[in-house]
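The primary structure of each chain is shown beneath.
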Amino acid sequence: MEVGIVAQRGNNRAAYLAEDLRDRLRAADVRVAVDEATADALDLDGVPVSAMDGVDLVVSIGGDGTFLFAARGAGGVPILGVNLGEVGFLNAVSPGEAVDAVLDEVEAFRGEGMRVREAPRLAAACDGWRSEPAANEIVVQGGRRGRGGGVGYEVRVDGSLYSSGHADGVLVSTPTGSTAYNLSEGGPLVHPSVDGLVVTEMCAEDGMPPLVTGPDTSVSLTLTDADEAIVITDGRGGRSFDVPTEVTVATTGPPVRIAGPSADFFEALGKLE
């Protein structure tokens with residue numbers, strides 16, 4: 001078995017825990033791959049996070065942002081999250097429980113197999129381009145938000161018109177992502193056991209309420225009346241398109257596969273400010 005470890009960049013506590021976990025795993029005859037940034041901090045040989053799809057289990061040490069970073073490289077490999085952050089919707093394991101929790105997964109892997117939970121990912125498509133998968137949300141917006149900015153839009157759900165008008169943009173999130181950017185834009189909290197997508201118009205002048213729709217829904221966003229349309233995936237970068245244009249958002253594979261104990265959703269909600 002091989003375990004990959006991705007620790008929060010610039011966090012000494014995360015690096016030290018990664019080193020301890022590496023030593024304990026190697027003592028259990030498990031091969032270990034450590035991400036390059038953490039390996040540099042520990043004076044070890046490291047591997048790119050993008051290569052973590054070749055291991056059997058990925059351990060993320062940090063906050064939800066570190067988990068999402070690890071998930072981009074892990075593909076369909078199960079991920080166990082160790083929480084060093086404040087909220088921890090994705091990271092259910094405390095630092096003190098980390099070694100035992102990971103060794104439990106090693107034992108399960110060598111026995112009947114790890115039990116994992118799946119969470120959906122989204123992808124956007126436009127003019128022959130397709131985004132990398134997003135675990136939280138995809139945002140489609142104009143080049144500038146706020147007064148004098150925004151974009152004209154139509155939202156169609158499986159081809160049927162749901163809403164149209166002028167807004168800063170439109171956000172499509174997974175249930176996992178409902179507690180992140182979606183929530184800050186006035187979207188609903190969605191329990192992770194709910195199978196669906198959330199469509200939230202961002203600062204719309206005269207929009208519809210946020211919509212929770214089926215997991216196999218295709219959401220089409222037609223953008224007009226702006227200098228450009230920008231597609232942002234899990235808060236990373238942005239791809240620009242000339243308008244008018246149409247961006248389609250739908251679920252894509254592989255899903256995020258989460259190993260280890262489940263986070264307490266309501267306990268994590270209590271930590272939100």
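What you see is a predicted model, and the numbers here were worked out from it, not measured in a lab. (Residues numbered from 1 in each chain as written. Predicted model: local features only at pLDDT ≥ 70, side-chain atom pairs only at ≥ 80, totals over all residues. Heavy atoms only, no water.)

### Some details on the overall build of the chain
Helix and strand content of the chain: six helices and 16 strands. Taken over C-alpha atoms, the radius of gyration comes to 20 Å for the chain, in line with the 19 Å a tight globule of 273 residues would show. For the chain, the spread of C-alpha atoms along the three principal axes comes to 60 × 35 × 35 Å. Residue burial in the chain is summarised as follows: out of 273 residues, 48% are buried. Partitioning the intrachain contacts of the chain with sequence separation of at least 6 by distance along the chain shows that 62% fall at a separation of at least 24. Carbon together with sulfur atoms contributes 44% to the accessible area of the chain, which is approximately 12,500 Å² in total. In the chain, 20 side chains carry a positive charge and 42 a negative one; their mean positions are 3 Å apart. (Helix = DSSP H or I, 4+ residues; strand = E, 2+ residues; numbered from the N terminus. Rg over C-alpha atoms; globule rule 2.2 N^0.38 Å. Buried < 20%, exposed > 50% of the residue type's maximum accessible area, 1.4 Å probe, protein only. Contact = heavy atoms within 4.5 Å. Areas by Shrake-Rupley, 256 points an atom, 1.4 Å probe, with all protein chains shown as cover. Lys, Arg positive; Asp, Glu negative; His and termini not counted. Charge placed at Lys NZ, Arg CZ, Asp CG, Glu CD.)

### Comments concerning the pattern of salt bridges
A complete count under the given rule lists five salt bridges for this structure. Between Arg-22 and Asp-23 there is a salt bridge whose closest N-O contact spans 3.5 Å. With a relative accessible area of 17%, Arg-22 lands in the buried category. Across the pair Glu-185 and Arg-145 runs a salt bridge, and its minimum N-O distance is 2.9 Å. Placement of Glu-185 in the loop between helix H5 (181-184) and strand S11 (197-202) and of Arg-145 in the loop between strand S7 (137-142) and strand S8 (151-157) is noted, with a sequence separation of 40 residues between them. Here Glu-185 falls in the buried class, since its relative accessible area comes to 16%. On the basis of relative accessible area, Arg-145 is assigned to the partly exposed category, the value being 29%. A cluster of three or more residues bridged by salt bridges with shared partners is formed by Arg-145, Asp-168 and Glu-185. (Salt bridge = Lys/Arg side-chain N within 4 Å of Asp/Glu carboxyl O.)

### Points about the packing of helix H1 (residues 12-27) against helix H4 (residues 98-110)
The N-to-C vectors of H1 and H4 enclose an angle of 40 degrees; their axes lie 10 Å apart at closest approach. One finds that H1 runs oblique with respect to H4. Here H1 and H4 pass one another in a crossing that is right-handed. Contact residues: Leu-17, Asp-20, Leu-21, Arg-24 and Leu-25 in H1; Ala-98, Val-99, Val-102, Leu-103 and Val-106 in H4. Partitioning the contact of H1 with H4 into residue classes produces eight nonpolar, no polar and two charged. (Axes fitted to C-alpha atoms, helices over the stretch in contact; angles between N-to-C directions. Parallel < 35°, antiparallel > 145°, perpendicular 65-115°, else oblique. Left-handed = near helix turned anticlockwise from the far one by under 90°. Nonpolar A, V, L, I, M, F, W, Y, C, P; charged D, E, K, R; others polar.)

### Description of the pairing of strand S14 (residues 229-233)
Counting buried positions over the five residues of S14 gives five, a clear majority of the element. Burial of the side chains of S14 extends over both faces: Ala-229, Val-231 and Thr-233 are buried on one face and Ile-230 and Ile-232 on the other. Across five bridges, the pairing between S7 and S14 is antiparallel. Residue pairing for S14: Ile-138 is matched across the bridge by Thr-233. Here S14 runs beside strand S15 (residues 236-241); their pairing, made up of four bridges, is antiparallel. By the bridge assignment for S15, Val-231 is matched with Arg-239. (Pairing = 2+ DSSP bridges.)

### Notes on the UniProt feature "active site" (unreviewed entry) in the chain
Under the UniProt annotation, "active site" (unreviewed entry) lies at Asp-64. Summarising the element assignment, Asp-64 is placed in helix H3 (residues 64-74). In this view, Asp-64 contacts Gly-88, Phe-89, Leu-90 and Asn-91; residues no more than four positions away in its chain are not counted. (UniProt positions renumbered as here; feature names shortened; annotations may be inferred.)

### Structural notes on the sheet that holds S15
The strands making up a sheet are joined through hydrogen bonds of the backbone, oriented either antiparallel or parallel. With antiparallel pairing, the six strands of this open sheet are ordered in space as S12-S11-S10-S7-S14-S15. Strands with a single pairing partner mark the edges of an open sheet, and in this sheet they are strand S12 (211-213) and S15. Adjacent strand axes in the sheet meet at a mean angle of 20 degrees when their direction is disregarded. Of the pairings in the sheet, the one linking S11 to S12 comprises three bridges and is antiparallel in character. Across the sheet, Val-198 pairs through a bridge with Val-212, a residue of S12.

### Quick notes on H4
With 13 residues, H4 extends 19 Å from end C-alpha to end C-alpha; this agrees with the ideal 18 Å at 1.5 Å per step. Those residues of H4 not exposed but buried are Ala-98, Val-99, Ala-101, Val-102, Glu-105 and Val-106. Along its buried surface, H4 packs onto H1, strand S3 (57-62) and strand S4 (79-83). (Expected span 1.5 Å × (residues − 1).)

### So, the packing of aromatic side chains
Counted under the stated rule, the structure contains three aromatic pairs. Centre to centre, the rings of Trp-129 and Phe-241 are 5.3 Å apart; their planes meet at 55 degrees, and the pair counts as tilted. Here Trp-129, found in strand S6 (residues 129-130), pairs with Phe-241, found in strand S15; they are 112 residues apart in sequence, far enough to count as distant. Each of the two residues, Trp-129 as well as Phe-241, counts as buried. For the ring pair Phe-265 and Phe-266, a centre distance of 5.3 Å and an interplane angle of 85 degrees mean the geometry is edge-to-face. (Phe/Tyr/Trp six-rings, centres within 6.5 Å; stacked < 30°, edge-to-face > 60°.)

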